[in-house]
Amino acid sequence: MRKQFVLLVALITVLLTLEAFYHPKEQAVGFKSRTLQKAGFISFSTELNFLQKNPDTLTWKLLGDIKFVKKKDKTYGEVMFPQVNPKLKLTNKKRVAISGFIVPIDNKNFAISKNVFASCFFCGKSGPETIAGIKFRGETPKLRTDQYVTLVGTFRSNETDVDDWIYHIEDAVIVKGAK
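S.K.: For the nonpolar core, give the residues involved together with the corresponding values.
M.R.: Core analysis: the biggest nonpolar cluster contains 24 residues, and L58, L151, Y167 and I169 have the highest contact counts within it. Among the elements of the structure, α3 (60–64), β3 (95–104), β4 (110–113), β5 (131–136), β6 (148–157) and β7 (167–176) are those that each provide at least two residues to this core. The element that contributes the greatest number of residues to this core is β7, accounting for four residues. Contact partners of I169, with chain neighbours within four places excluded, come to L58, V96, I98, A132, G133, I134, K135, L151, G153, T154 and F155.

S.K.: Give a detailed account of the pattern of salt bridges, specifying residues and quantitative values.
M.R.: The full count for this structure, using the stated rule, is five salt bridges. Among the salt bridges present, the one from K89 reaches E159, with a minimum N-O distance of 3.5 Å. Linking K89 in helix α4 (residues 86–89) with E159 in the loop between β6 and β7, this pair joins segments that are 70 residues apart in sequence. A relative accessible area of 41% means that K89 is categorised as partly exposed. For D171, the salt bridge is made with R95, and the minimal N-O distance between the two is 3.3 Å. Here D171, found in strand β7, pairs with R95, found in strand β3; they are 76 residues apart in sequence, far enough to count as distant.

S.K.: Explain the pairing of β5 residue by residue, including any values.
M.R.: Of all six residues that make up β5, five are buried, and the element is covered over most of its length. Here β4 pairs with β5 via four bridges, running antiparallel. Looking across to β5, one finds that S113 is bridged to I131. Of the pairings in the sheet, the one linking β5 to β7 comprises four bridges and is parallel in character. Residue pairing across strands places I134 opposite I169, the latter belonging to β7.

S.K.: Residue-level account of the side chain of Q147, with values.
M.R.: Secondary-structure assignment places Q147 in the loop between β5 and β6. Given the relative accessible area of 3%, Q147 is considered buried. A polar atom in the side chain of Q147 sits 2.9 Å from the backbone oxygen of G177.

S.K.: Before we move on, could you go through the confidence of the model for the chain and cite the residues and values that matter?
M.R.: Chain-level statistics for the chain give a pLDDT mean of 79 and a share of 72% at 70 or above. At the level of individual helices and strands, the chain shows its lowest average pLDDT in helix α2 (residues 46–53), which scores 56, and its highest in β5, which scores 95. Contacts of residues 24–44 to residues separated by more than four positions or lying in other chains number 26 contacts, the stretch itself having pLDDT below 50.

About the thresholds
Residues numbered from 1 in each chain as written. Predicted model: local features only at pLDDT ≥ 70, side-chain atom pairs only at ≥ 80, totals over all residues. Heavy atoms only, no water. Core = buried A, V, L, I, M, F, W, Y, C linked by side-chain atoms within 4.5 Å. Buried < 20%, exposed > 50% of the residue type's maximum accessible area, 1.4 Å probe, protein only. Helix = DSSP H or I, 4+ residues; strand = E, 2+ residues; numbered from the N terminus. Contact = heavy atoms within 4.5 Å. Salt bridge = Lys/Arg side-chain N within 4 Å of Asp/Glu carboxyl O. Pairing = 2+ DSSP bridges. Polar contact = N/O pair within 3.5 Å; in protein donor to acceptor, adjacent residues only side chain to side chain. pLDDT = per-residue confidence, 0-100.

This is how it looks when you write it as structure tokens:
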């Protein structure tokens, strides 16, 4: 019995060592521009590696540093348009990480919010700068309202379209907090 236990521990140790140190090539023949993800017991995705190597993390404080200016709009008349701060504009179209609460918009669309659903932007408890629309890479994962997650994705801000979010996270992947 003791020999079987020692053998099992050795086997698990070998598997975990392989998991930690084996890094497949980013592209393989027949997979044009598709990123391969390593299978195994522990998820070491390329997005998680990105997060560890590039700490470009958006904070809600930075997203909240915004001004609004009254301008004319063809449809709505006078409207408050956002003016994103210059530091945040530098992250436009760059890969970033952000943490927050999942808020469902409808059956297929989600946003990430500074606050839980009960006190999110829609309920009047905070402003539009406390929420960002999400477009996931591939299929939309199964999500729960108020699930706290960390996403890695491409950041985009909007200062001109009053019918759209001020902030967007596109090509998003959940790197922490998924089931």
